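# Structural overview for review
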Amino acid sequence: MKPKEVLAFAKEQGARMLDLRFMDFPGLWQHFSVPIHQLDEGSFEDGFGFDGSSIRGWQPINASDMLVIPDPATARMDPFTQEPTLVMICDIVDPVTRAPYTRDPRHIARKAEAYLKSTGIADIAYMGPEAEFFIFDDIRYESNSYGAFYEIDSIEGTWNTGREEGPNLGYKPRPKEGYFPVPPMDKFQDLRTEMVLVLERLGIEVEAQHHEVATAGQAEIDMKFKPLLQMADQLMWFKYVLKNVAYRRNHTVTFMPKPLFGDNGSGMHTHVSLWKDGKNLFAGDKYAGVSQTTLYAIGGILKHCRALCAITNPTTNSYKRLVPGYEAPVNLAYSSRNRSAAIRIPMYSTSPKAKRIEFRTPDPSCNGYLAFAAILMAVIDGIQNKIDPGDPLDKNIYDLPPEELAQVPSAPGSLEEALACLKADPDFLLKGDVFTRDALEMWIEYKTRTEVDAVRLRPHPHEFFLYFDI
């Protein structure tokens, strides 16, 4: 929509409030609302002011004033508010210079798309994330100077097979056996369907929904691929919708990668393809029906994967998932059909339009704007520098003998290690001024101070189990 169309749409829908949304640096949607009469055509240039010093990873207090500029193309009616509320996703600008803000994740995603076009390689990058999640029925946690705990409950939790539920009717998926039995074992079919229908009412096209491998309500809903920026916007709506649908049905959704010990974690396998003049550049006559361009793109991701992990797997909890034995792609290799490789070439269709690569390492705790932009920059670097990905690995990586496995590079083992890799390998992200040094330095500093150090300095509850009587 254009600004005039947004105003007409708001009137037609009876909107009473305008909700302005934007991304903080770590990856949570932020918002504030104004009465709808505050919106006019000038708002799309003048914007709305807010305090940027209160947003994580943004401005110092002595330069706190910022502007949000609503993007008319993102206008939607909120499906959850009591009063009709028009929502628009915003870009962040400096109120004095009117320059886009270098730490605005959406601006970084825009620059990645612009840089791709400027290279002449392609004119569009499609992204298709599969953001897995858990549906729980109760979650309690505490962390302070004298104690820490968490406790998860789920009507599907295997640990509840012996609980008095008045009556307990069983049908609770065993660990790693949730993929994918019919109800009553699968207790969330209707809830996932409700999520899908709300997404589709928002114009978000869904391809499938199903239970995932883990117990305790692990699930997946797949959106159809879209251009990079549009998909990053959709991913925020996706998380918002799933959390709110679950919440109003007395459940809770988490995109935390590894909430359960001993069962599969949640990944965000991301499908990528490049197109130019309506043609898929990833279709060809090389391995698994892909082009040489695709192989170079794979080479770029594999070369920079350890640095990418600092953005695509950006939490300390991410590295509880990235361990062998739970289908997590720890080893940096590529293959067709083999899900134990970091990059897979899906073989569901022989159509050239369907050719793509599936980067399996990312998880849904990431900031989609930053993650998709970083993946694209690695792809571009691989194509520009003709990076050879080596031979495919079509064996089950987890069954390789130790001497063979030692030849396969692996993902970082911790967020601290991933941030060190990013610090050592930032140049591919800096091309075209897509990521600025300022943004990367703030990312590394923020993650180290508020997450790595915060977790590292605290005793873990399991350490009491191991060491209290030492």
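For the structure, see preceding data.
I will try to describe carefully the structure that is included in this document. Values in this document were obtained by computation on a predicted structure and should not be read as measured data.

Looking only at helices and strands, the protein has 13 helices and 18 strands in total. Taking the principal axes of its C-alpha atoms as reference, the protein extends roughly 65 × 60 × 50 Å. Within the span of the protein, comprising 470 residues, buried residues form 54% of the whole. The contacts in the protein between residues at least 6 apart in sequence include a share of 68% that link residues at least 24 apart. About 21,500 Å² of surface is accessible on the protein, with carbon and sulfur atoms providing 53% of the total. Separation of charge centres in the protein, based on 51 positive and 64 negative side chains, amounts to 3 Å.

Turning next to the pattern of salt bridges. Under the defined criterion, the tally for this structure stands at 27 salt bridges. With a closest N to O distance of 2.9 Å, Asp71 and Arg106 form a salt bridge. Note that Asp71 is positioned in the loop between β4 (65-70) and β5 (76-77) and Arg106 in helix α3 (residues 105-119), a separation of 35 residues in sequence. Here Arg360 makes a salt bridge to Glu358, at a shortest N to O gap of 2.9 Å. Note on Arg360: relative accessible area 2%, which makes it buried. Residue classification places Glu358 among the buried positions, given a relative accessible area of 1%. Connected via shared salt-bridge partners are Asp71, Asp91, Arg106, Arg110 and Asp233.

Following the sequence through the fold, Thr436 ends up in the loop between α11 (427-430) and α12 (437-456). Since its relative accessible area comes to 10%, Thr436 is described here as buried.

Attention now goes to the environment of Tyr319. Along the polypeptide, Tyr319 turns up in helix α7 (residues 318-321). Overall, Tyr319 belongs to the buried group, its relative accessible area being 6%. In the structure, Tyr319 is positioned 10 residues away from Cys309 in sequence and 9.8 Å away in space, judged by C-alpha atoms. Aside from chain neighbours lying at most four places away, what touches Tyr319 is Cys309, Ala310, Asn313, Pro412, Gly413, Ser414, Leu415 and Ala418.

Reading the values: rules and limits
- Residues numbered from 1 in each chain as written.
- Predicted model: local features only at pLDDT ≥ 70, side-chain atom pairs only at ≥ 80, totals over all residues.
- Heavy atoms only, no water.
- Helix = DSSP H or I, 4+ residues; strand = E, 2+ residues; numbered from the N terminus.
- Buried < 20%, exposed > 50% of the residue type's maximum accessible area, 1.4 Å probe, protein only.
- Contact = heavy atoms within 4.5 Å.
- Areas by Shrake-Rupley, 256 points an atom, 1.4 Å probe, with all protein chains shown as cover.
- Lys, Arg positive; Asp, Glu negative; His and termini not counted.
- Charge placed at Lys NZ, Arg CZ, Asp CG, Glu CD.
- Salt bridge = Lys/Arg side-chain N within 4 Å of Asp/Glu carboxyl O.

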